[in-house]
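One-letter residues, chain by chain:
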Amino acid sequence: MSIVKLENAGYVYGSSHPDNLGTRALDSISLEIEKGEFVVMVGRNGSGKSTFARLLNALLTPTSGTVLINGIDTRIEKSLWDIRSNVGMIFQNPDNQIIGTIVEEDVAFGPENLGIDPKEIRIRVDEALDSVGISEYAKSEPHQLSGGQKQKVAIAGILAMKPHCIVLDEATAMLDPVGRRETMGILKRLNKEEGITVIHITHNMDEAKDADRVIVIDKGNIAADGKPEKVFSNVRMIKELGLDVPQVTELLFEIDKIGYKLALEVLDVDKAYSELSELLINREAHK
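Residues numbered from 1 in each chain as written. Predicted model: local features only at pLDDT ≥ 70, side-chain atom pairs only at ≥ 80, totals over all residues. Heavy atoms only, no water.

1. A closer look at the packing of aromatic side chains
We apply this condition: Note on aromatic contacts: the rings of Phe and Tyr and the six-membered ring of Trp form a pair at centre separations within 6.5 Å, being stacked when their planes are under 30 degrees apart, edge-to-face when over 60 apart, and tilted otherwise. When a residue's accessible area, from a 1.4 Å probe over protein chains only, is under 20% of the maximum for its type it is buried; when over 50% it is exposed; and in between it is partly exposed.
Tallied over the full model, the rule gives 1 aromatic pair. Measuring from ring centre to ring centre gives 4.7 Å for Tyr11 and Tyr13, while their planes differ by 75 degrees; the resulting arrangement is edge-to-face. Residue Tyr11 is classed as buried on the basis of its relative accessible area of 13%. According to the relative accessible area criterion, Tyr13 is partly exposed, its value standing at 34%.

2. What about the environment of Val87?
Stated formally: Helix numbering and strand numbering both begin at the N terminus, where a helix is a DSSP run of H or I of at least 4 residues and a strand a DSSP run of E of at least 2. In what follows, residue pairs with any heavy atoms lying within 4.5 Å of each other are defined as contacts.
As for its position among the elements, Val87 is in strand β6 (residues 87-90). Residue classification places Val87 among the buried positions, given a relative accessible area of 1%. Along the primary structure Val87 and Pro228 are separated by 141 residues, whereas in three dimensions their C-alpha atoms are 24 Å apart. Sequence-distant contacts of Val87, that is, excluding residues within four places in its chain, are made with Leu56, Asn57, Ile69, Cys165 and Val167.

3. Topic: the pattern of salt bridges
Inclusion rule: Should a side-chain nitrogen of Lys or Arg be within 4 Å of a carboxyl oxygen of Asp or Glu, the pair is scored as a salt bridge.
Within the structure shown, the criterion is met by 20 salt bridges. The residue Arg24 makes a salt bridge to Asp27 at a minimum N-O spacing of 4.0 Å. As a salt-bridge pair, Glu37 and Arg213 come within 3.2 Å of each other at their nearest N and O atoms. Taken together, the positions of Glu37 in the loop between β2 (23-34) and β3 (38-42) and Arg213 in strand β9 (residues 213-218) put the pair 176 residues apart, joining distant regions of the chain. On the basis of relative accessibility, which here comes to 16%, the residue Glu37 falls in the buried class. When salt bridges that share partners are traced, they join Glu104, Arg122, Asp126 and Lys139 into one network.

4. Thoughts on the packing of helix α3 (residues 103-113) against helix α4 (residues 118-131)
Selection criterion: Interaxial angle, 0 to 180 degrees, is taken between N-to-C directions of lines fitted to C-alpha atoms, where a helix line uses only the stretch in contact. Small angles under 35 degrees read as roughly parallel and large ones over 145 as roughly antiparallel, with 65 to 115 read as roughly perpendicular and the rest as oblique. Take the far helix as your reference; a near helix turned counterclockwise from it by less than a right angle gives a left-handed crossing, and one turned clockwise gives a right-handed crossing. Note on residue classes: Ala, Val, Leu, Ile, Met, Phe, Trp, Tyr, Cys and Pro are nonpolar, Asp, Glu, Lys and Arg are charged, and everything else, Gly too, is polar.
For the pair α3 and α4, interaxial distance at closest approach is 9 Å and the crossing angle is 125 degrees. In terms of axis orientation, α3 runs oblique to α4. Crossing handedness for the pair α3 and α4: right-handed. Packed against α3, whose contacting residues are Val103, Glu104, Val107, Ala108, Pro111 and Glu112, the element α4 presents Ile121, Arg122, Val125, Ala128 and Leu129 at the interface. Looking at the contact of α3 with α4 residue by residue, the classes come out as 8 nonpolar, no polar and 3 charged.

5. Focus on the packing of α3 against helix α5 (residues 147-159)
The contact between α3 and α5 brings their axes to 7 Å, and the two run at 35 degrees. Remark: the crossing between α3 and α5 carries right-handed chirality. For the pair α3 and α5, contact is made by Val103, Asp106 and Val107 and by Val153, Ala156 and Gly157, respectively. Taken together, the residues of the contact of α3 with α5 sort by class into 4 nonpolar, 1 polar and 1 charged.

6. A closer look at the nonpolar core
The condition that has to hold: Among buried residues, those of type Ala, Val, Leu, Ile, Met, Phe, Trp, Tyr and Cys that are joined through side-chain atoms within 4.5 Å constitute a nonpolar core.
In terms of nonpolar packing, the biggest core is built from 52 residues, with Val107 and Val216 touching the most fellow members. For this core, the element with the most residues is α5, which contributes 6 residues. Non-local contacts of Val107, meaning those with residues more than four positions away in its chain, are made with Val125, Ala128, Leu129, Val153, Ala156, Gly157 and Ala160.

7. A few points about the side chain of Thr51
With respect to the helices, strands and loops of the structure, Thr51 is situated in helix α1 (residues 49-56). Residue contacts for Thr51: discarding those within four places in its chain leaves Tyr11, Tyr13, Ala25, Leu26 and Leu60.

8. Some thoughts on α1
Summarising burial for α1: 6 of the 8 residues are buried, a large majority. Where α1 is concerned, the buried positions are Lys49, Thr51, Phe52, Ala53, Leu55 and Leu56. In the stretch just after α1, Ala58 is the one whose phi turns positive, near 60 degrees.

9. As for unusual backbone geometry
Unlike most non-glycine residues, Ser28 shows phi in positive territory, near 50 degrees. Tracing the chain through its elements places Ser28 in strand β2. Among the residues examined, Ser28 registers a relative accessible area of 41% and is labelled partly exposed.

10. Digging into the sheet that holds β3
Definition in use: Criterion used throughout: strands pair if DSSP finds at least two bridges between them.
Reading across from one edge, β6-β7-β8-β3-β9-β10 is the order of the 6 strands in this open sheet, with mixed pairing throughout. Of all the strands in the sheet, the pair left with one neighbour each is β6 and β10 (221-226). Adjacent strand axes in the sheet meet at a mean angle of 15 degrees when their direction is disregarded. Pairing of β3 with strand β8 (residues 197-201), which is carried by 4 bridges, proceeds in the parallel orientation. Directly across from Val39, in β8, lies its bridge partner Ile199. Along the sheet, α5 makes contact with β6 and β7 (165-169), crossing β6 at roughly 170 degrees.

Here you go:
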């Protein structure tokens, strides 16, 4: 069953002014995302990724077509809290999302706004902090934490609302490699163990290779949609869109260009090692 469904959904900025046709950010996108999927969306700056993310949380509503979250039309204003309790948003800069003076207060903010019983909020806050591994910072002031720890606080705040889906808009962009790796580890665990749908918008192609599905967006349209190995094996198309491919694919592509035929549908280091080892063995055998 789909948790997200877009039917010819488009969005134009500034179109409400009678003399302004506006700037089209998304152009009649139709797609479905199933419950429990781990989806990564990639695209260069200005491609429409962030607009897409905001449509899923009803921070924006489509100027054409429809966006359905668990079957609920995001344009129905009275359903706003239902939509936002279903879909939690994590943004690029956690400082823009953290509002509590101490960590546990911030994590409790969402459930409080949903009218959850205080005893249940206490349980949810403790569970959320434990889930992302920062229980020891419950009484800390957020500004004292590292960037990676702040992002964990933001994730915990969303988890405390018990969403069915988490959307991350460049949420790892400001993190160092350790913070990025830890955040991705949390997301993968939440997806696999708790069945939370994850929609991760990123520029980092190595974060995309472990997804169930990769969606490439360009100029407000879907340019590719499929399994990571299929999408990234079309290296020339990805590069023509101004994007990179995972490092393993890049290596095999460069070797392939000089005449050694290799399977480009390889994203795993061990599989790449096997491909290259076989190539070297065959070369030696034909000398």
